[in-house]
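Read off the chains here:
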Amino acid sequence: MTTVPNAQAKVILHLDMNSFFASVEQAHDPKLKGIPMAVAGNPKERRGILVTCSYEARALGIYTTMSVGEAKRICPHLVIVPPDHEKYRLASNAVFSILRSYTDLVEPVSIDEAYIDITNIGGLTSAIQIAEHMQQRILNELDLPCSIGIAPNKFLAKTASDMKKPMGITILRKRQVPDVLWPMPVIEMHGIGKSTEKRLNEIGIITIGDLAKADESLIKGTMGKNGIRLRKRANGIDHRPVDPDAAEERKSVGSSTTLPIDETELSACLEVFKQLSVKVAQRLDRRQLAGTVVMIQIRTSDWRNFTRSRTVINPLYKAEDLYKEAAELFKRHWDGDPIRLLGITVSNVIPINELNEQLSFENFEKYAKEAKMEELVTELEKKFGPNSVKRGLGER
């Protein structure tokens, strides 16, 4: 392909696989094509949760996180298959290999999506041609559909890839932002979840346009540095480069320390975890990351090493939250042996400005149960009055 000068405006693609897990299952078993089907965490249990579903199922009103029982009531002949992690990992690697055959500037951001910088292999002149070629290769070689967004930066490219599914290719230019994005409610913007939407609504910001035009000091005062970033995104501004090494860098952030003496006091060990939590939180802040897996490392005086971890529903980045998880893990698993080294690592990390509540294989069942509990509490409070229902602490 034609090489273009480096000074040319950036052209970024965001490739998003369509119903990835379901599509991989259909590629492996053609009998699943063209019918309502879903991947569920526990297909034998009617209370199992759908991880994803085919577009045929979506057309009937079935959606991710719906219980198997609910989905079956809508569509009794819905075909459900259990998730196969290894199958999806191999398919993901194959997709990224195809993308890297075009350029080294490929940044995977999850198992089924990636950014690609095509500025120097054709730029905007060849963007549609390159995107179509990628899309058709992935379909022909792997039998998997995808959508691609084309834009001058990551944020707009990701937004564009959502605009036409399945098998869509969409260009979104910065000059289109006022017409295309500004009329939408802020919850439609990447990087904004329910809690952020609520905080923005409370200060009168309802649409993406409201956010784009909001007073910068008001946004910063309400949401800090993340608010400023979101305001820039709402104006179509995003200077993040496509970084092929970012996926490796994002895997984990941690800190450990060797103790001055072999420690046997619980309170002293917890104080060390408190200090480590502050260090890890500072490192996460510097890199603007948050993670859903908290792992502690324990090395005893006789040099035995142990790790224990816990996956949480929503990404953590604050020191107090990290300490809470680490302390609980330590108290649960420490057998009293003298301690030589302690450590905390946060993994499965994502950029903090993309903190939409995310589902994973590890947490979607719990997430759905908690959502059901919230609905139940709301109904009870409607009947018996505000604050009439109190949650117990329970076992986490």
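Bear in mind the structure is a predicted one, so any value in this text is a computation, not a measurement.

Q: What is the right way to look at the packing of helix H8 (residues 194-202) against helix H10 (residues 216-234) in this model?
A: Each pair of packed helices gets described by two things: the angle between the helix axes and the distance between those axes. The geometry of H8 relative to H10 is characterised by a closest axis approach of 11 Å and an angle of 130° between their N-to-C directions. Looking at the two axes, H8 sits oblique to H10. Crossing of H8 over H10 shows left-handed handedness. Along the contact surface, H8 presents Thr196, Arg199 and Leu200, while H10 presents Ile219, Thr222, Met223 and Leu230. Of the residues belonging to the contact of H8 with H10, the class tally is 4 nonpolar, 2 polar and 1 charged.

Q: Got a minute to help me understand the sheet that holds strand S9 (residues 252-263) in this structure?
A: Hydrogen bonds between backbone groups are what pair the strands of a sheet, and the pairing can be parallel or antiparallel. Strand order in the open sheet made by the 4 strands is S9-S12-S10-S11, with antiparallel pairing throughout. In the strand order of this sheet, the two ends are held by S9 and strand S11 (305-316), each with one partner. Here the average twist between neighbouring strands, direction ignored, is 15°. The sheet contacts of helix H12 (residues 266-287) involve S9, strand S10 (289-300), S11 and strand S12 (339-351), and relative to S9 the element is tilted by about 155°. The strands that helix H13 (residues 319-333) touches are S10, S11 and S12; relative to S11, the one it contacts most, it runs at about 140°.

The rules behind these values
- Residues numbered from 1 in each chain as written.
- Predicted model: local features only at pLDDT ≥ 70, side-chain atom pairs only at ≥ 80, totals over all residues.
- Heavy atoms only, no water.
- Axes fitted to C-alpha atoms, helices over the stretch in contact; angles between N-to-C directions.
- Helix = DSSP H or I, 4+ residues; strand = E, 2+ residues; numbered from the N terminus.
- Parallel < 35°, antiparallel > 145°, perpendicular 65-115°, else oblique.
- Left-handed = near helix turned anticlockwise from the far one by under 90°.
- Contact = heavy atoms within 4.5 Å.
- Nonpolar A, V, L, I, M, F, W, Y, C, P; charged D, E, K, R; others polar.
- Pairing = 2+ DSSP bridges.

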